[in-house]
Every structure is written in C-alpha cells, then in structure tokens.
Amino acid sequence: MANIDAKQYSRESPSMKSRMSWLWSEYSVIIAFVIIYIGASAMNPRFLDMNNQLNILMQVSIIGIIALGMTVVMLSGGIDLSVGSVLALAGVVSVLALNASGSIWIGVLTALLVGSFAGFLNGLMVAKGRIASFIATLGMMAGARSIALYIAEGGSVSGEVSGFTAIANSDFWIFDFPVIIFFVMAVLIYVLMHKTRFGRYVYALGSNEKAAMLSAIRVDRIKIGVYTLIGTLVGIAAVIETSRLNSISSSSSGAQYELDAIAAVIIGGTRMTGGRGKIIGTIFGILILGILNNMMNLMNVSPHLQGFVKGLIIIIAVVFQKRE
Amino acid sequence: MASHPFVAMNTIEKSFNGVPVLKKVTLEVEKGEIHALLGENGAGKSTLMNILGGVHQPDNGQIFINGEEVKMADPHVSQAQGISFIHQELNMVGDLRVYENMFLGSEIRNKIGFLNVEEMCRQTREILAELGVTINPKEYVRNLATSYKQLIEISKALLHKSQLIIMDEPTTSLAEHEVSRLFVLMKNLKKSGVSIIYISHKLKEIQEVCDRYTVLRDGQLVKTDVMENENLEVITKLMVGKSISQERYVHGHEFGEVALEVEGLTSAGLFKDINFSVRQGQIVGFTGLAGDGRTELFESLFGYRKKYSGIVKVKGKPVKINHPRKALQAGMGYVPKDRKENAIIKDLSVIHNMSLSSMGNFERLGFIQGKKEQQKFQTYKEALNIKVHNPRITIDKLSGGNQQKVIIAKWLEAETDILIFDNPTQGIDVGAKQEIYQQILMLAEFGKAIIILSSEAPEVMRICHDINVMYHGEITARFTGEEASEEEIMHYATGAKREGEKIG
Ligand SMILES: Nc1ncnc2c1ncn2[C@@H]1O[C@H](COP(=O)(O)OP(=O)(O)OP(=O)(O)O)[C@@H](O)[C@H]1O
Ligand SMILES: [Mg+2]
C-alpha cells in the first residue's frame, strides 16, 4: 500500500493561497477583531486609555455570559429568544426573595433557579414537544416578560439588603467582578464543549440529529440540557444586572439582549444551522460589538443610530459565512 | 481532421492541503462508450470526476471537450458542456417533493411565468417509468426508501439531454433488478451516442456494461484498456495489488448460547410476525429486495422506531428497547445503511466520529482523553486500512469507502455482543471488503452474534451461516449458507415462491 508518507507530506508545502484561505476561514473573526481594534486606536486616542478598555470589558460582560449559552444553543441547531425576558423575570423574583429573606445567597440562588427552570421548560418544549426552538422560546419570551411585569406591577423593584450591590461593583486587581465572572464562565463553557461528552454530543446533534440518535445519543436529554444551561447563565447575568444598580425594571431590563447575544454568536462564526462554531469565536464577536459601541459613544454618534451599525455588522458577518 | 475523443482529461494533478491525490492522470472517453473508472477507496476517482464536473479545480492539466480546451470553472460550465453528474452521496432535499427535486434549478414554467407542475410531474413519471419505478411525483422525498432516492438522482441526470453522464457509484442502494433496469437504460443511451463514465466497486456490473476501463491507484493511472475478454481477477489485481478469492468464507457450526431472540415482531405496514434467533458466534444474514422491510425491522429492534409489538429477548431476558441508547446498553450495535444520512457527523473529525458511541472508553474523571482517542483510532486505521492523512480533518473530506470504514470502527469500538450491519460494504472496494469480512468473521469467532443485512445475495452467501429472505415485511425463506443458491434466494425475494416449511 503506497500510502503517502509523512516525508512527502511535509516536502510539498501547501501553496500560499490555500494557506491564507485556511487562516482566514479558521480565524476570520480574530483577524476582523484586530483590524477593528487597530482602526479604533487610530481614530480616537482615548480608545486605548486603560480605563476605557476595562470599561468595554465591563460593558460586554453581561451579554457575554448570555452569548456563551447562546453559542451552545445555536451549536445544537436551536435558538433562544427568551433570554432578555427571562433575565428580567429572574431579576425581579430574586430581588423579592432577597428582600424577603435578607440573605444575598438566597437572592442569587433564586435567580439561578428561575433562569434554569425557564430554560428547562424551553428544553422540554423543544425536545419532547417537538416545537421549533424559534417558536417555543418566542412563547417563553412573551410569557416570562408578562409574569415579570405582573409581579413588579409594571415597574422596577429595588434591593433592600446592603452588600448585594457589591457583587457587580467590586473589583479584583484591575478587573471588575462581572468581567471575572464572564472569563470564568467562558473557560468553563469552553471546557464543557471541548473536553466533555456533553459538548461532543451537542456538536453531533447540531450537525446530524438522526445520525446522532443512531449513535445511541440521548438527543432529547442533550437538548434539555442545552436550554437549561443557557437559562442558568441568564440567571447569573440577571444577578449582575440587578446588583449593578441595585434594581431591576420589569419592563425594560434585558430588552433586546437576545439580539446582541445572537449577533455576537454569528459574528463569532457559528453556523446558524448548528454543528459548527467555537466559543472563542463568540468571545471575539462580543468584543467586536463592545468596541464598536464604545467607539460610537466616544465619537458622539447618536445612540439611535447604533442599532443600524450593529445590524450592518451582522449582515456582513453572515455574508462572509455564506461565502465559505 | 483527426477525430477527437468526446472528453480528454490531460495530466490532471490535484492536491488537498499539500497531499497529492491525483498525479498526472489522463482519461479519455469516446462518444457513445461506457467507460469504467476503477480503483480502491481513496484512489481519487471521485476527485477526478469532481474536476470534470467543475466542483474542484485541478492544480495542473487540461480538459478537452471535442478537442477544444475547456476550463470547468464551476458546475454550471460543466453542465453547459453537456455533462451530467450523479454524485456518490445523495443530494436530495427531503422536504421537497419528487418532481421538485427533479427540476430543482431548472423548473418548467408556462407562458405567464407560473410553474408548470403538471408538465413536470408528467416528465418525472415518464423518466422514472423507464427505470421501472412508479412513485407519485408529488410524494415528499423524505418519505422514500433510499433506493428510490438513488433512482431519482439517476433520473435527474437523464432529464437534461446530456452527452456525458458521470455515474459515481449509482447502484450502492439498488437491488439487483433495479440495477439490471439501469443497465438496459445505459445501453440504450449508449446507442444514441451518449457517453457514460461509470464508477463502481461491483466488478460484475462493470464487466456487464462497460466497454473500456481505467484503473487508478493512489492517484496514479495504472492502466486503460478495453473490457472485452479481460478477466476480473486481473483487474482486481490492478486495483488492489493482490488477487482476491471469491470463495465462501464461513465454515463450521459451533455456536454458543442464544444471544438474541425475536418472537412475533410486528409493526403495521412495515413487517409482520418476525421470528428468529441468533446465537453467539453465528452470522445470520437478511436479504431481499427494496421494500422488504428488513431495515425497518432492525431500526425497530435498535429502538429507533418505537411502534412495534412482539417479544425481544437478549440472552434470554426480555427487554424493552425504545431508544438506541437502551439497545446499546442491552448489548446491541447497529451500523446503519446510507452513511450520509444515518451515520456520518460531517462536522466532527474522523477521530471524533469513531469515538462517538463509546465516549466512556475515552474518559477519565468525566473528561475526554484526546490522546487515548487518537491512539485507538490508529489501531483501527491499521486494522481496517483506513486511508486518511490527518485524522483531525472532518470526516466528509474522506473518500466514501473510507468514511464507511470509520463508521464500522465506531461500532467495533462500542464492543457490543450483538452487532447488526446494514449494507456494511456499501461503497467499499474489493480489497477492503475482504478485510471487513475477515473482521466480521473474527468477531463471530470471539463469540459475538452478528446480523448482516444486504441486498446482495452473493454477499450474504459468502459470509453468513444462515440466511433469511424477506418479502413485503415477512420472512419467506430460511437457508443455511451452504445450501443457498442465488437463484433460490431470488425466487423467495421476489415473492414468486413462498414456502411454509422453509421457515419451520
Ligand atoms: N475536500 C478534500 N479535502 C481533503 N482531502 C480530500 C478532499 N476530497 C478528497 N480528499 C482525499 O482525496 C483522496 C481521494 O478521494 P476520492 O474521494 O477521490 O476517492 P475515491 O477513489 O472516490 O474513493 P471511494 O471509492 O472510497 O469513493 C482521499 O484520500 C481523500 O481523503
Ligand atoms: Mg468516491
């Protein structure tokens, strides 16, 4: 068997062009990040200011935590539109629990429980009810928001326990606490997706569900797990969001978070139909969004126009994905 | 003016990621000939055809059509030159209807621009009838058996009045009578001046229809010659570098305990009152024509289909299997047919496809040990002779036959006591077939109970101790491997004969 051996392999180095295209296809989001970063530094000297840089990180941390979960959901071939509403609901309920009990731990735990339970319900609808994830989570989006409004009577609720605000407002070395939570979560999700069978199964399921099932994978359970995971992450985000200002608004908190999270995932190169994509990509995706927001603020672009720019970026990212 | 061959591919070279796959390959196809393209799995057949079809671009070399150089920049150019391509893997859109798939991208419209559905259905029906198929053109493709999908894929190529049809393993899911219908059609096409490039690992087919052949080995041209009075053994030797015996493999009848026992298994519309048992060390075959229900039967046994009644016993204990995971836990493994739809996870690497059903073997404290996976893959790579330069690339980059070997490795790794193989040698070359048969035999000798489903009677005759023939969801005959003859099997498979006492 004249298999081509290693020597021959290394002797014929791939052409420059094919190497470049490989680099681009694997790391396009990182390259885009670097270009945008350099561009931003050139356009406005204040951008490179250390405080500004840390500020960007702080601003993306909440959406970042949600986007990590969104990556997992989208890798499995689904989508979760309910994250913003569930964040508001988890925030409202946890503040009530916090105030009633006086314990920060109970407040935090409540947020996590509400988030993961909403996610679990999403998972049940998708896996057992065989409802398209788009529809199921759209329902949850409306339902969770409505319950949050009902509980808070349409307004905001504020924490009455001292020390609760410390969660989002303290820092460690130069980093704000939410940034550290985001980084820790990113590492955990990375390990989950690449070093455990759960992650492997999510990729398999998003790529070919029938083959995954015939490979003896409990597809239903993995789906429920995926939605429960993002729900839990939304619960964590809710704690940070609430703690930052010591209050949460049942009507406006979390609004459009699903759009930002989905945008970060798509910019990060995850395929809309699942099976392909990386956590690292999402992290750079969220950083790109953060830098653009920051630049527009520094340059006094009207906040009403910022959505337009974001939309444009998403479309460009998808066009690039299509081309591959 | 000198006459040119219809197609001439000259000194074609192609590398993927620096690995040469085609080395100065030359191929000429005359007008109105059926040309066989032969070679082992991974020899470069599909790649060469993808270059002719405009799917890939060659690194070097030219393509001439009727003596004029043509650059096949993309599949449309190739189509415009009168070339149709039946790809190795099916490309049907399951959520579209049969006629919509047939006319995808070339829909017929009436004068005011609306789709002319009736006309499309009529043409679909007509072409399918030529292949002896009667299906409703408005049926959704996802509801059809694979053999029908393959026939539709073939019909689609016939729809365009092409001058050259590339057929890359068109018969892997077809039953024998469907194949012979296809051959009649091919011979007619040939008479009307159409050329055909025919790729197959079934050498008997090749001998029957092809005029000339070209053999590739490791990306190099080995020989081009006329088929007539060429002996199959010689060609095999050219392909794999050694001769292959066509004898029966299995002998001896020392079986262990009953491993799997099935009583009165019934599923409405799919199969009826199925009874059989398999002992440890026994290889039992199931054969029949398309629509005989054997795949559905074993998909049910494996828990993929849930609507069935009857008793299933594993090692004497009744089990209720309603999910493939349960089947795996009960000790059953299943290599499904139609790898693209049922087995391949195309976004996972070759290694990760191999380990998918047995993650437990590679974990420590809940974490996957990448190194262990890699080492294990290495042993399968050698045992099954899997051709892959870098097992970290996604599995869809492998040649069709090598993908199949990875799937077999995946289920060998799951180490179940009962192994069900559905069409296990689909798209596998003669040499590798031998290796896989030997693996199966070895598994049986280790005391595993083996079930083989195949539409090819000769295959089950070669490797099975016992053979069940199915027709319309029922087992109509049962033979031992020695007493079975192809003819007898055909009688029962076509329903021409059914014999109560044969089943006992
Ligand atoms: N897109 C690709 N990227 C990398 N390698 C590839 C790609 N396509 C094919 N190859 C490699 O090229 C070689 C030839 O593959 P090809 O599909 O042409 O084989 P084949 O002769 O059709 O085999 P089979 O009989 O199994 O279908 C294989 O080793 C395969 O791994
Ligand atoms: Mg091929």
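This is a predicted model, so every value here is computed, not measured.

Asks: How should the coordination of the magnesium ion (ligand 2) be read in this particular structure?
Replies: Four donors placed tetrahedrally around a metal ideally meet at 109.5 degrees, and six donors placed octahedrally ideally meet at 90 or 180 degrees. For the magnesium ion (ligand 2), the protein coordination sphere consists of Ser46(B) (OG) and Gln88(B) (OE1), at 2.0 to 2.2 Å. In this pair, Ser46(B) sits in helix H1 (residues 45-52) while Gln88(B) sits in the loop between strand S6 (83-86) and helix H3 (98-102), placing the two residues 42 residues apart along the sequence.

Asks: Any chance you could explain the packing of helix H3 (residues 50-75) of chain A against helix H13 (residues 279-298) of chain A here in plain terms?
Replies: For any two helices packed against each other, one specifies the inter-axial angle together with the distance between the axes. All names here are of chain A. Close contact between H3 and H13 brings their axes to 8 Å; oriented N to C, the two are set at 140°. Judged by the inter-axis angle, H3 sits oblique to H13. Considering how the two elements wind past one another, H3 and H13 form a crossing that is right-handed. Where H3 approaches H13, its residues Asn 52, Ile 56, Leu 57, Val 60, Ile 63, Gly 64, Ala 67, Leu 68 and Thr 71 are matched on the opposing element by Ile 279, Thr 282, Ile 283, Ile 286, Leu 287, Gly 290, Ile 291, Asn 294 and Leu 298.

Asks: Explain helix H17 (residues 486-493) of chain B here, please?
Replies: The periodicity of an α-helix, 3.6 residues per turn, causes residues three or four places apart in sequence to face the same way. Residue and element names in this part refer to chain B. Those residues of H17 that sit buried are Ile 489, Tyr 492 and Ala 493. Along the axis of H17, the buried residues cluster in a sector spanning 100°; they form a single face. Looking one or two residues beyond H17, the residue adopting positive phi is Gly 495, at roughly 80°.

Asks: Looking at this structure, I do not really get the interface of chain B and chain A. What am I missing?
Replies: Interfaces are often sized by the amount of accessible area the parts lose when they come together. Taken residue by residue, the interface counts 44 residues in chain B and 32 residues in chain A. Together, the buried faces of chain B and chain A total about 3300 Å²; carbon and sulfur atoms form 55% of this surface. Contact with chain A buries surface across chain B, with Tyr304(B), Arg325(B) and Asp347(B) losing the most and accounting together for 17% of the total. If you look at where chain B meets chain A, you find 14 residue pairs in polar contact (both at pLDDT 80 or more). Broken down by secondary-structure element, the contributors of at least two residues to the side of chain B that touches chain A are strand S2 (19-29), helix H10 (324-330), helix H11 (339-342), helix H12 (350-355), strand S18 (367-368) and helix H14 (400-413) of chain B. Considering every element that reaches the side of chain B that touches chain A, the biggest residue donor is H10(B), with four residues.

Parameters at a glance
- Residues numbered from 1 in each chain as written.
- Chains lettered and ligands numbered in written order.
- Predicted model: local features only at pLDDT ≥ 70, side-chain atom pairs only at ≥ 80, totals over all residues.
- Heavy atoms only, no water.
- Donors = N, O, S within 2.8 Å, 3.2 Å for Na, K, Ca; no water.
- Helix = DSSP H or I, 4+ residues; strand = E, 2+ residues; numbered from the N terminus.
- Axes fitted to C-alpha atoms, helices over the stretch in contact; angles between N-to-C directions.
- Parallel < 35°, antiparallel > 145°, perpendicular 65-115°, else oblique.
- Left-handed = near helix turned anticlockwise from the far one by under 90°.
- Contact = heavy atoms within 4.5 Å.
- Buried < 20%, exposed > 50% of the residue type's maximum accessible area, 1.4 Å probe, protein only.
- Arc of directions from axis to C-beta.
- Buried area = accessible area lost by both parts, 1.4 Å probe.
- Polar contact = N/O pair within 3.5 Å; in protein donor to acceptor, adjacent residues only side chain to side chain.

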